[in-house]
Amino acid sequence: MFSREMINTWEVATIVAIVAGIVGFFVVLRGASFVAHAVPNASFAGAAGATLIGLNTIFGLGVFALASALGIGWLSKRGRSDAVTALILTLMLAIGALFLSWSSEYASQVYSLLFGEVLGVASNDVGITTILGAVAVIGIMVFYRPLLLSSVVPDIAQSKRINIFRVEIIFLLIVALVSTMAVPVVGTLLMFTLMVGPPASARSFADSPRVVIIISVTIALIIVWLSVIISYATDWPIGFYVGTLGVVSFLMGRIWSHARSGRGIE
Amino acid sequence: MRIVASFLIEPGFFSSAVVRNALITGAIVALVSAMVGVFTVIRSQSFAGHAMSDMSTLGGSGSFLIGINPLLGFVAASFALSGTMELLGVERRRGRDVATGIVLGGALGVSALFLYLDARSQSTTGAAVTILFGSLFAQSSARVPIMIALGLGGVIVLGIIYRPLLLSSISPDLALAQGIRVRLLSFLFLSVMGVSVALTSIEIGTILSTALLIGPASSALRFSRTPAIAMLCACSIGLIASWLGILLAYDSYYWPPKQRGWPVSFFVVVFIFLFYLASSFKERNSLLRRKNISLDRDTNLEVTS
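Remember, it's a predicted structure, so these values are computed and weren't measured experimentally.

Draft legend 1. Highlighting the overall build of chain A. Per the secondary structure count, chain A includes 11 helices and 0 strands. Helices and strands appear in chain A in the N-to-C order α-α-α-α-α-α-α-α-α-α-α. In chain A, of all internal contacts separated by at least 6 residues, the share reaching a separation of at least 24 is 75%.

Draft legend 2. Region of interest: unusual backbone geometry. The phi dihedral of S44(B) is positive, around 55°, even though this residue is not glycine. Taking the number of C-beta atoms within 10 Å as the measure of exposure, S44(B) has 16 and is therefore partly exposed.

Draft legend 3. Just the packing of helix α2 (residues 33–52) of chain A against helix α3 (residues 57–76) of chain A, in detail. All names here are of chain A. Following both chains from N to C, one finds α2 and α3 inclined at 140°, their axes separated by 7 Å at the closest point. Judged on the interaxial angle alone, α3 and α2 are oblique. The two elements α2 and α3 meet at a crossing, and its hand is right-handed. Of the residues in α3, those touching α2 at V35, A38, V39, A42, S43, F44, A45, G46, A47, G49, A50 and T51 are T57, F59, G60, L61, V63, F64, A65, S68, A69 and I72. Looking at the contact of α2 with α3 residue by residue, the class counts come to 15 nonpolar, 7 polar and no charged.

Draft legend 4. Main features of the packing of α2(A) against helix α4 (residues 81–102) of chain A. Residue and element names in this part refer to chain A. At a minimum axis separation of 8 Å, α2 and α4 run at an interaxial angle of 20°. Looking at the two axes, α2 sits roughly parallel to α4. α4 is crossed by α2, and the crossing has left-handed handedness. Of α4, the residues touching α2 (which contributes F34, V35, A38, N41, A42, F44, A45, A48, G49 and L52) are D82, T85, I88, L89, M92, L93, I95, G96, F99, L100 and W102. Taken together, the residues that form the contact of α2 with α4 break down as 16 nonpolar, 4 polar and 1 charged.

Draft legend 5. Layout of the environment of A200(A). Tracing the sequence through the fold places A200(A) in helix α9 (residues 164–205). A residue is classified by how many C-beta atoms lie within 10 Å of it, and A200(A), with 29 of them, is buried. Along the sequence, A200(A) and V212(A) sit 12 residues apart, while their C-alpha atoms lie 9.4 Å from each other. With sequence-adjacent residues up to four places away left out, A200(A) is seen in contact with V28(A), F250(A), G253(A), V98(B) and I102(B).

Draft legend 6. Seen up close, the nonpolar core. Grouped together as the largest cluster of nonpolar side chains are 172 residues, with contacts concentrated most on V16(A), V23(A), V175(A), M191(A), L194(A), V38(B) and A234(B). No other element matches α9(A), which puts 22 residues into this core. In contact with V16(A), not counting residues within four places along its chain, are A182(A), V186(A), M191(A), L194(A) and V224(A).

Cut-off values and rules
Residues take numbers from 1 onward in each chain, read along the sequence in its written order. Lettering of chains starts at A and numbering of ligands starts at 1, both following the order in which they are written. Only residues with pLDDT of at least 70 are given local features in this predicted model, and only at 80 or more are side-chain atom pairs given and counted; all residues enter the totals for whole chains, interfaces and linings. Helical segments are the DSSP runs of H or I of at least four residues, strand segments are the runs of E of at least two, and each set is numbered from the N terminus. A pair of residues counts as a contact when their C-beta atoms, built from backbone coordinates, are separated by no more than 7 Å. Three classes are used. A residue is buried when 20 or more other C-beta atoms lie within 10 Å of its own, exposed when 12 or fewer do, and partly exposed in between, with C-beta atoms placed from the backbone. Angles shown run from 0 to 180 degrees and are taken between the N-to-C directions of axes, each axis being a line fitted to C-alpha atoms and, for helices, limited to the stretch in contact. These descriptions rest on fixed angle ranges, namely under 35 degrees for roughly parallel, over 145 for roughly antiparallel, 65 to 115 for roughly perpendicular, and the rest for oblique. Handedness of a crossing is defined here by the sense of rotation of the near helix relative to the far one, left-handed for an anticlockwise turn of less than a right angle and right-handed for a clockwise turn. We call Asp, Glu, Lys and Arg charged. Ala, Val, Leu, Ile, Met, Phe, Trp, Tyr, Cys and Pro are nonpolar, and the rest, Gly among them, are polar. We define the nonpolar core as any set of buried residues of the types Ala, Val, Leu, Ile, Met, Phe, Trp, Tyr and Cys, connected via C-beta atoms lying within 7 Å of each other.

From the geometry alone we can't say anything about function, so treat these as descriptive.
Right, here's the structure in full:
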């Protein structure tokens, strides 16, 4: 379990959990789960394009993640953001389908990009993941206050001369960064579940944003570590354990807040 | 004239059975999706709509695993998932967003397991790719009657709950005051959407299913004055986009680089996206922008009449 290849897995899993726990707090706070699902999924069309012209996968992922994040941000100015997100997502996936129809060897990678292959992480992936993850976390730290204000009380943020549109774009760019970092190593499903489940349940246990973020990171770490251990032992896909444990943690949060206040979280 | 026609339409387009099935399936899916889609967009449930199609993998892989009819698996999974979403979802939009996300994550996790277990007897990658991308050209005429029946069923249910659903989508408080059971309606609508989305996504893939559900409806709502007109416009947009897509995909058979045809979903989605971009020029009188003023007036009229 702690052999050489598994060390990479542990490192990547830990980094992904920490970043997802932090960024996910804002995903849940802003009601942006759809974006957190769409950007990683859309970026994976870029991976198909990159293999087609012989570039590094991570380059294609990055370009498509950025393009879809900016597309969502820009079109949301004038339309409904959830409908726009769906449209951009399908457009990117359709381009991905076109790329796939042009290449002949890519199909076998689809499964691993969707569901993740944590148990086979190469050591040069660890470096890229660490750097991109660090940039995302630094971005959150730098823009912590405007992000928080514009998510919770947009009116006050506006009166403090915070440009809401710019903050939204910065948030989308961070999501794009996180997708690029996580998709090649853990797959879109795992990253998405970690960005929604732990933060959503963490909100039931505390009120102060900083405490919620710490709890959210802790829950994400517990889920990921447990999943790696069980997945290693049983050989079942890790996505199953992360998905199920994410739901369990959310339900526990609901039960906790229900028991404490006598009513569900609103 | 004839040269122009055969340049635009490759010979054999109208005589091919594959094309005919694709045209029929495309039309059914486009019409049903457009009608369900108008409510989906009004209610801001695009995420749920997309999630349902992503999660149709669950019904498919699960029924394959225990060896029952996949159709039954899809319908059962759709009901179960929409029920769970409705139970978890709180009234506010952000709470609903998180609830959808949680259910999607859990369902995808379980279907990852199902696909893995299925893979012991069959190729996993194949299943995942087919469900994601699908193809309009892989339709058998045997499934057309089932699709028509289920599509009709969905549209009929939608027609029955049309008025109360509209009222509860636009102003839940007013609907509650009228004694309308808002949560039951919401569950009914989610189930109709779930069943139709699951079916379409298994027939033509997740991409096209989401695109046809959200795209035409959100374009139409930007320039239509009432939901009924929006439905008509959305139906036309969906129909035009899918038929043009099928035509171009058929033409593309000899296009570079591979000479084996470009995917239909690519063309259809591009058309839908262009429609959406074009619709932003006509937005001034849009239903969504004037929603608070005009629809409240509409619904008040309905209330008093």
